[in-house]
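Survey of secondary and tertiary structure
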Amino acid sequence: MPVTDDSDADRARLVGTNHVALEVGDIDDALEFYDSLFAFDLRGRSDTKAFIDMGDQFIALAATDAAGETADDARHFGLVVDDADRVERRLEELEIDRLDVPGLEFHDPWGNRFQIVDYEEIQFTKADHVLEGMGLDELEKSEDALEELSEKGLGPEST
């Protein structure tokens, strides 16, 4: 059920996320850590910032002195991947502790909390041309994800 209606015309509609910004202690250390878990292209970097490309979105890393002073407990972000099982295996190989919660979650060395989700299992959908440009055009959605999309009028047959 939509929260907004015609009387909400004075406010912008949420469309998506352009990027997520994370604080890290050191850009080189952060890029090494994330590269040990994920395959990605670097969009750009400086001494204190780096941008990890995710097709039409990105993760912005910012080196700060305060990074790692506290860990995020409830605050987190869901990172969509093509194969969560690969991430799980890498976490085990690298002896990175998973959080004791349902699903696949962990903290990076600076306390940022990651929730890893498979592309096929969620409503989030990249446009076909973006997936193709990322070399991921073979990714498909599960029946449950397609059903959830269809219930909102967002399924492939809805267009």
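In the block above lies the structure referred to throughout.
**Quick notes on the pattern of salt bridges**
- Taken as a whole and assessed by the stated rule, the structure comprises nine salt bridges.
- In this structure, Asp53 engages Arg43 in a salt bridge whose closest nitrogen and oxygen atoms are separated by 2.5 Å. On the criterion of sequence distance, the pair formed by Asp53 in strand 3 (residues 49–54) and Arg43 in strand 2 (residues 41–45) is long-range, its members being ten residues apart.
- Glu88 is the partner of Arg98 in a salt bridge, and the nearest nitrogen-oxygen pair spans 2.4 Å. Of the two residues, Arg98 sits in the loop between helix 2 (84–93) and strand 6 (104–107) while Glu88 sits in helix 2, which places them ten residues apart along the sequence.

**Brief notes about the pairing of strand 5 (residues 77–81)**
- Of the two faces of strand 5, the one lined by Phe77, Leu79 and Val81 is fully buried and the one lined by Gly78 and Val80 carries no buried residue.
- For strand 5 and strand 7 (residues 113–118), the ladder comprises five bridges, and the chain directions are parallel. Residue pairing across strands places Val80 opposite Val117, the latter belonging to strand 7.

**Overview of the pairing of strand 2**
- Alignment of strand 2 against strand 3, held across four bridges, turns out to be antiparallel. Across the sheet, residue Arg45 finds its bridge partner in strand 3, namely Ala50.
- Hairpin connection between strand 2 and strand 3: a loop of three residues separates the two successive antiparallel strands.

**Quick notes on the side chain of Asn112**
- Structurally, the position occupied by Asn112 is in the loop between strand 6 and strand 7.
- A distance of 2.9 Å separates a polar atom in the side chain of Asn112 from a polar atom in the side chain of Asp108.
- If sequence neighbours within four positions are ignored, Asn112 has contacts with Leu22, Glu23, Val24, Tyr34, Asp72, Phe106 and His107.

**Description of the side chain of Ser142**
- Its location among the elements puts Ser142 in the loop between helix 3 (128–133) and helix 4 (143–151).
- Looking at Ser142, its side chain comes within polar contact range of the main-chain nitrogen of Ala145, at 3.2 Å.
- Non-local contacts of Ser142, meaning those with residues more than four positions away in its chain, are made with Glu120 and Glu121.

**Quick notes on helix 2**
- Burial in helix 2 covers these residues: Ala84, Val87 and Leu91. Buried residues of helix 2, viewed axially, fall in a sector of 55°; they line one side. Of the exposed residues in helix 2, the ones pointing more than 90 degrees away from its buried face are Glu92 and Glu93.
- Each element contacted by the buried residues of helix 2 is listed here: helix 1 (27–37), strand 5, strand 6 and strand 7.
- Where helix 2 starts, the residue carrying a side-chain oxygen 3.0 Å from the main-chain nitrogen of Asp85 turns out to be Asp83.
- With its phi angle positive at about 55°, Glu95 sits one or two positions after the end of helix 2.

**A few points about unusual backbone geometry**
- Despite not being glycine, Glu95 has its phi angle at roughly 55°, a positive value.
- Take Glu95: it is sitting in the loop between helix 2 and strand 6.

**Description of the environment of Ser36**
- One can find Ser36 in helix 1.
- In sequence terms Ser36 and Met54 are 18 residues apart; their C-alpha atoms lie 16 Å from each other.

**Quick look at the sheet that holds strand 2**
- Read across the open sheet, the four strands follow the order 1-4-3-2; overall the sheet is mixed. Of all strands in the sheet, those with a lone pairing partner are strand 1 (19–24) and strand 2, marking the two edges. With strand direction ignored, the average angle separating the axes of adjacent strands in the sheet is 25°.
- Both strand 3 and strand 4 (residues 57–63) contribute to a ladder of six bridges, which runs antiparallel. Opposite Met54, over in strand 4, you have Gln57 as the bridge partner.
- Sheet strands touched by helix 1: strand 1, strand 2, strand 3 and strand 4. Its angle to strand 4, the strand with the most contacts, is close to 140°.

Each value, and the rule that gives it
- Residues numbered from 1 in each chain as written.
- Predicted model: local features only at pLDDT ≥ 70, side-chain atom pairs only at ≥ 80, totals over all residues.
- Heavy atoms only, no water.
- Salt bridge = Lys/Arg side-chain N within 4 Å of Asp/Glu carboxyl O.
- Helix = DSSP H or I, 4+ residues; strand = E, 2+ residues; numbered from the N terminus.
- Buried < 20%, exposed > 50% of the residue type's maximum accessible area, 1.4 Å probe, protein only.
- Pairing = 2+ DSSP bridges.
- Polar contact = N/O pair within 3.5 Å; in protein donor to acceptor, adjacent residues only side chain to side chain.
- Contact = heavy atoms within 4.5 Å.
- Arc of directions from axis to C-beta.
- Axes fitted to C-alpha atoms, helices over the stretch in contact; angles between N-to-C directions.

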